[in-house]
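Inside the fold
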Amino acid sequence: MKLLRDEIIRRFPEISPRLYGGDDEDSPYVLMYLVVSWLKGLSPCDLRPEVVRQVVDFGKWCERQPRGESAKDDILTIWVVGFLEELFDSDVTRPLIPHLVPKETLITNAEYLKTWVGPDDYQSALGEY
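What counts, and at which threshold
- Residues numbered from 1 in each chain as written.
- Predicted model: local features only at pLDDT ≥ 70, side-chain atom pairs only at ≥ 80, totals over all residues.
- Heavy atoms only, no water.
- Core = buried A, V, L, I, M, F, W, Y, C linked by side-chain atoms within 4.5 Å.
- Buried < 20%, exposed > 50% of the residue type's maximum accessible area, 1.4 Å probe, protein only.
- Contact = heavy atoms within 4.5 Å.
- Salt bridge = Lys/Arg side-chain N within 4 Å of Asp/Glu carboxyl O.
- Helix = DSSP H or I, 4+ residues; strand = E, 2+ residues; numbered from the N terminus.

A few points about the nonpolar core
Membership of the largest hydrophobic core comes to 39 residues, with the highest contact counts inside it found for Leu39, Phe58, Phe83 and Leu100. Setting aside residues no more than four positions away along its own chain, Phe58 makes contact with Leu4, Glu7, Ile8, Arg11, Phe12, Met32, Trp79 and Phe83.

Here is the structure:
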């Protein structure tokens, strides 16, 4: 997924040192993990408006991409599973969720999210709204 790798490098140059010289193009979930890992390593004070905007713009870009044939090449699925779900378990990244998902969508998908992120992390995220 060269497209995804190139977009991540463009939007998040901070993670470039964590990349593996192109080998990660075939591992889109690893690419998402690298961005989330970088975000989780920030302090809450580091989540300045420009970082939030960076994440929101990236989410919108992922949502606009053509759908793939499977979870391996569908950027929206990769973003939801490899990025969005990973934000729920960190006090640093959880405040990003209201910027990425409308509260109604979070509530509509409650059962799915409770299964994949856990009921406690789901409730904590809901408390961010």
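Here's the deal with the pattern of salt bridges
The tally for this structure, following the rule as stated, stands at eight salt bridges. A salt bridge links Asp91 to Arg94; the shortest N-O distance between them is 2.8 Å. In this structure Arg94 comes out as buried when scored by relative accessible area, which is 7%. When the shortest N-O distance is used, the salt bridge between Arg94 and Asp121 registers 3.7 Å. With a gap of 27 residues between them, Arg94 in the loop between helix H4 (75-84) and helix H5 (97-100) and Asp121 in helix H8 (residues 119-126) connect regions that are remote in the sequence.

Any functional reading would require information beyond the geometric quantities listed.
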